[in-house]
Amino acid sequence: MTGPRKEPLLPQIPLIGLIGLVALSAVIMAVFHQAATAQQLWAIMASIGIATALLPVLLYLVTFGLAMIFSEIGAAAAPAQEQERVHAPTAEMPEQK
């Protein structure tokens with residue numbers, strides 16, 4: 001890369017959002033734990049539903065993550081090109097180099 005990143009690597013998420021995400025993850029892990037250890041039918045069905053809802057999201061994240069990685073690799077491998085000078089139409093001609 002030629003310079004520092006313009007956008008942050010991680011988005012700016014409020015603390016209450018992170019606490020909520022951790023709590024939701026804990027509930028989901030508790031449901032998976034009940035399904036795996038206690039073999040409760042409600043937990044098994046809920047685990048299937050959660051997995052069905054999260055699989056497309058995970059595939060989406062992986063696909064766009066790979067696309068971002070490949071674009072970074074391609075940008076780093078491509079030679080740096082000098083920007084072509086573009087003139088907007090004006091009443092007088094710009095100076096030529």
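Everything discussed here concerns the structure shown above.
Just so it is clear, the model here is predicted, and its values are computed rather than measured.

## Quick word on the overall build of the chain
- What the chain contains, in helices and strands, is 2 helices and 0 strands.
- Counting over 97 residues, the chain shows a buried share of 6%.
- Per element, the accessible surface of the chain, about 9000 Å² overall, is 71% carbon and sulfur.

## Details of helix 1 (residues 15-38)
- Spanning 24 residues, helix 1 covers 34 Å between terminal C-alpha atoms, matching the ideal 34 Å at 1.5 Å per step.
- For helix 1, the secondary structure elements touched by its buried residues are helix 2 (41-77).

## As for unusual backbone geometry
- Of note, the phi angle at Q39 is positive, near 55°, even though the residue is not glycine.
- Checked against the element boundaries, Q39 lands in the loop between helix 1 and helix 2.
- Since its relative accessible area comes to 53%, Q39 is described here as exposed.

## Focus on a nonpolar patch on the surface
- Together, I13, L15, I16, L18, I19 and L21 make up an exposed nonpolar region whose accessible area comes to about 620 Å².
- Locating L21 in the fold gives a position in helix 1.

## Notes on the nonpolar core
- Among the nonpolar cores identified, the biggest contains 5 residues, and these are I28, V31, A35, A43 and I50.
- Only helix 1 and helix 2 provide two or more residues apiece to this core.
- A per-element tally of this core places helix 1 first, with 3 residues.
- If we ignore the near neighbours within four places in the chain, the residues touching V31 are W42, A43, A46, S47 and I50.

Parameters at a glance
- Residues numbered from 1 in each chain as written.
- Predicted model: local features only at pLDDT ≥ 70, side-chain atom pairs only at ≥ 80, totals over all residues.
- Heavy atoms only, no water.
- Helix = DSSP H or I, 4+ residues; strand = E, 2+ residues; numbered from the N terminus.
- Buried < 20%, exposed > 50% of the residue type's maximum accessible area, 1.4 Å probe, protein only.
- Areas by Shrake-Rupley, 256 points an atom, 1.4 Å probe, with all protein chains shown as cover.
- Expected span 1.5 Å × (residues − 1).
- Contact = heavy atoms within 4.5 Å.
- Patch = residues over 30% accessible without salt bridge, like charges linked within 9 Å, V, L, I, M, F, W, Y side chains within 5 Å.
- Salt bridge = Lys/Arg side-chain N within 4 Å of Asp/Glu carboxyl O.
- Core = buried A, V, L, I, M, F, W, Y, C linked by side-chain atoms within 4.5 Å.

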